Amino acid sequence: MEIIVAKDYAEMSRKAADVIAACLKENPATRLGLATGSTPEGLYACLVKDYQAGLLDFSQASSFNLDEYRGLAHDHDQSYHYFMKKNLFDAVNIDPANTAVPDGANPDAQAACDEYEAAIEAAGGVDIQLLGMGHNGHIGFNEPADEFPKQTHCVDLTESTISANSRLFDSAEEVPRQAYTMGIGTIMKAKKILVVANGTAKAAIVRDAFTGAVTPSVPASILQFHPDVTVVLDADAASLLA
Ligand code: F6R
């Protein structure tokens, strides 16, 4: 595991974007694994800037997002479909047909999740998976649990996640209670993993996940067992690392 500490959010975003840009330059048909949330917004802005400057080409790239709320229409402004269009897909030359986000609008959870897992497999897997981390160590929507979920599945969101995400909705009541998410097994199959975290509120979980015991009660800790992980932190998120 390589841990890179940037001085602030802007530098974290640039350095993390450079990791993805390097993959795309080496292999224009890179299969990207993408994340939503506040943390990667700056990274996506860097990728869009690179594209606009003619430094990056997404025409052969494809993508699979980590997760989506269950029950939100694709055009709901808090859906992850919408987030990705706004932050990346509409701003670069990726073919929309080559972008995939779990289908939160499909009420049949089993079918939606099985189809998504099969689509990742059929594509040949993810080359580089971008991850943010929840305050409780969740990756995707894999919440602390007694075991590591293997495949794309439907989860009940924890109160901690509902309350963290309620800042984006009009009220906590409006936050969906379930989501479809890649499993930990799905994430661990990616060839390369890139984690981003910023801010003092993430410092304790960064320390626990990357220097503590590997346990499903801290889902991100499993990344210690992945052979190719790059973690890019700002100084605040890195502040409790020895
Ligand atoms: C988003 C996702 C989540 C977030 C995590 C951190 O697709 O899978 O695991 O990465 O909740 O969110 P932010 O970046 O908003 O702190």
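Residues numbered from 1 in each chain as written. Predicted model: local features only at pLDDT ≥ 70, side-chain atom pairs only at ≥ 80, totals over all residues. Heavy atoms only, no water.

Visitor: So what's going on with the packing of aromatic side chains? Which residues, and what values?
Guide: Under the counting rule described, the total for this entry stands at seven aromatic pairs. A ring pair is formed by Y69 and Y80, whose centres lie 5.0 Å apart and whose planes are at 45°; its orientation type is tilted. Taken together, the residues span a long stretch of sequence, with Y69 in strand 4 (residues 67-69) and Y80 in helix 3 (residues 80-87) at a distance of eleven residues. Judged on exposure class, the residue Y69 and its partner Y80 are both buried. With a centroid separation of 6.0 Å and 15° between ring planes, the pair formed by Y80 and F141 is classed as stacked. Within this pair, whereas Y80 is found in helix 3, its partner F141 is found in the loop between strand 6 (128-131) and strand 7 (153-156), the two being separated by 61 residues in sequence. Judged by relative accessible area, F141 falls into the buried class, the value being 2%. Taken together, the ring pairs in this structure connect Y69, Y80, F141 and F169 into an aromatic cluster. (Phe/Tyr/Trp six-rings, centres within 6.5 Å; stacked < 30°, edge-to-face > 60°. Helix = DSSP H or I, 4+ residues; strand = E, 2+ residues; numbered from the N terminus. Buried < 20%, exposed > 50% of the residue type's maximum accessible area, 1.4 Å probe, protein only.)

Visitor: With reference to specific residues and values, describe the pattern of salt bridges.
Guide: Within this structure, the stated rule accounts for ten salt bridges. We note a salt bridge from E11 to K7, for which the minimum N-O separation is 3.4 Å. With relative accessibility at 24%, the residue E11 sits in the partly exposed group. Look at K7 and you get exposed, because its relative accessible area is 62%. Each of R14, D18 and D50 takes part in one network of salt bridges that share partners. (Salt bridge = Lys/Arg side-chain N within 4 Å of Asp/Glu carboxyl O.)

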